[in-house]
Amino acid sequence: RERINIAIDGPAGAGKSTVARSVAETLGYIYIDTGAMYRAVTLSALRSGISPDDRMQLSQHAESIEISLQPSSAGQVVLLNGCDVTIDIRSREVTLNVSQVSAVERVRVRLVAMQRQLARGKGVVMDGRDIGSHVLPDAELKVYLTATVEERALRRFKELDGRDGITLEQLEHEIAERDRKDQEREISPLVCAPDAIVLDSTSMTIEQVADNIVNLSRTKL
Ligand code: C5P
């Protein structure tokens, strides 16, 4: 049976990962969360005491570590030099520093090469910021998933459920700030690819968004 590649891009907290995982499960495709790869580099650099503004050290560090993604029943396990860091990459410290690390050219070159390799056999649902615009420009289906910043902050706030002791206002500010950095960086910033289908999930459920994408994928086969 023919398989396609599906790129899902958009700002932080738009529901990309949950939607991508669900679409992959329905279609029997492989789900790849590229944000997790940038998070793993960030975690590793922070643990090694590298400053997020030291581009040279970040570049060398990114080239010296081993990152791998393994499909699991929960979606995806992230290994850093063979150790499971799936939970650790979601920390607030990583979230606050990841945009600066992911703006470094050599970090991106390394991870993009891995991402293209993973998608070469088709049948992949990949979520990120630059998948449709840069990583997989030939993806058969490109979706740009968005929602208002208020809605995205509210969703994340409910998800955190008091952990991190962060207020809704603070969360909204941090999400907006991460989007700004991702949109303003020089190398493959967050943009909506010209041939992407825009889905605004503000008043949609995850299931509705996922169904929509599955239906769109069937028109491409
Ligand atoms: O998707 P997630 O929010 O986990 O991504 C974390 C960060 O990784 C983003 O804010 C962005 O800085 C970076 N990223 C990127 N390119 C991608 C995926 C993520 O620059 N394809």
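Residues numbered from 1 in each chain as written. Predicted model: local features only at pLDDT ≥ 70, side-chain atom pairs only at ≥ 80, totals over all residues. Heavy atoms only, no water.

The protein chain goes by Cytidylate kinase in an unreviewed UniProt entry, where it is assigned to Paenibacillus curdlanolyticus YK9. Recorded under Sequence similarities (unreviewed entry), the UniProt text for the protein chain is reproduced unchanged: "Belongs to the cytidylate kinase family. Type 1 subfamily." The heading Subcellular location (unreviewed entry) in the UniProt record of the protein chain holds the text "Cytoplasm". (UniProt positions renumbered as here; feature names shortened; annotations may be inferred.)

**Student:** Describe the side chain of Ser-188, listing the residues and the values that go with them.
**Tutor:** With respect to the helices and strands, the residue Ser-188 is situated in the loop between helix 8 (168–184) and strand 8 (197–200). Of note is the side chain of Ser-188, whose polar atom sits 3.3 Å from the side chain of Arg-108. In this structure, Ser-188 is in contact with Arg-108, Asp-130 and His-134, ignoring residues within four places of it in sequence. (Helix = DSSP H or I, 4+ residues; strand = E, 2+ residues; numbered from the N terminus. Polar contact = N/O pair within 3.5 Å; in protein donor to acceptor, adjacent residues only side chain to side chain. Contact = heavy atoms within 4.5 Å.)

**Student:** Tell me about the environment of Met-37, and please be specific about residues and values.
**Tutor:** Its location among the elements puts Met-37 in helix 2 (residues 34–47). Relative accessible area serves as the criterion here: at 0%, Met-37 is assigned to the buried category. The contact partners of Met-37, leaving out residues within four places of it in the chain, are Ile-67, Leu-69, Leu-111, Met-114, Gln-115 and Leu-118. (Buried < 20%, exposed > 50% of the residue type's maximum accessible area, 1.4 Å probe, protein only.)

**Student:** Run through helix 1 (residues 16–27), naming residues and quoting values.
**Tutor:** With twelve residues, helix 1 should cover 16 Å at 1.5 Å per step; its first-to-last C-alpha distance of 16 Å lies within 8% of that length. Along helix 1, the residues that are buried comprise Lys-16, Val-19, Ala-20, Val-23, Ala-24 and Leu-27. Take helix 1 and look down its axis: the buried residues cluster within an arc of 130°, on one side only. In this structure, the buried residues of helix 1 make contact with strand 1 (5–9), strand 2 (30–33), strand 6 (124–128), strand 7 (141–146) and helix 9 (206–219). (Expected span 1.5 Å × (residues − 1). Arc of directions from axis to C-beta.)

**Student:** So what's going on with the sheet that holds strand 4 (residues 75–80)? Which residues, and what values?
**Tutor:** Pairing within the open sheet is antiparallel, and its three strands lie in the order 3-4-5. The sheet is open, and its two edges are formed by strand 3 (67–72) and strand 5 (83–84), each paired on a single side. In this sheet, strand 5 lies alongside strand 4 in antiparallel orientation, the contact comprising two bridges. What sits directly across from Leu-80, in strand 5, is Cys-83. Running at roughly 30° to strand 4, helix 2 makes contact with strand 3 and strand 4 of the sheet. (Pairing = 2+ DSSP bridges. Axes fitted to C-alpha atoms, helices over the stretch in contact; angles between N-to-C directions.)

**Student:** Could you give an account of helix 7 (residues 149–160), naming the residues involved and the relevant values?
**Tutor:** In this model helix 7 runs 16 Å from its N-terminal to its C-terminal C-alpha over twelve residues, within 8% of the 16 Å that 1.5 Å per residue would give. Considered for burial, the residues of helix 7 that qualify are Arg-152, Ala-153 and Leu-160. Projection of helix 7 onto a plane perpendicular to its axis shows the buried side chains occupying an angular sector of 95°, all on one side. Check the buried side of helix 7 and you find it contacts helix 8.

**Student:** I'd like a rundown of the UniProt feature "binding site: ATP" (unreviewed entry) in the protein chain, residues and numbers included.
**Tutor:** Mapped onto this numbering, the UniProt entry annotates "binding site: ATP" (unreviewed entry) at Gly-10, Pro-11, Ala-12, Gly-13, Ala-14, Gly-15, Lys-16, Ser-17 and Thr-18. By the element assignment, Ala-12 lies in the loop between strand 1 and helix 1. Note on Ala-12: relative accessible area 1%, which makes it buried. What Ala-12 contacts, discounting residues up to four positions off in sequence, is Arg-129, Arg-152, Ile-175, Arg-178 and Asp-179. In this fold, Ala-14 is placed in the loop between strand 1 and helix 1. In this view, Ala-14 contacts Leu-145, Thr-146, Arg-152, Arg-155 and Ser-201; residues no more than four positions away in its chain are not counted.

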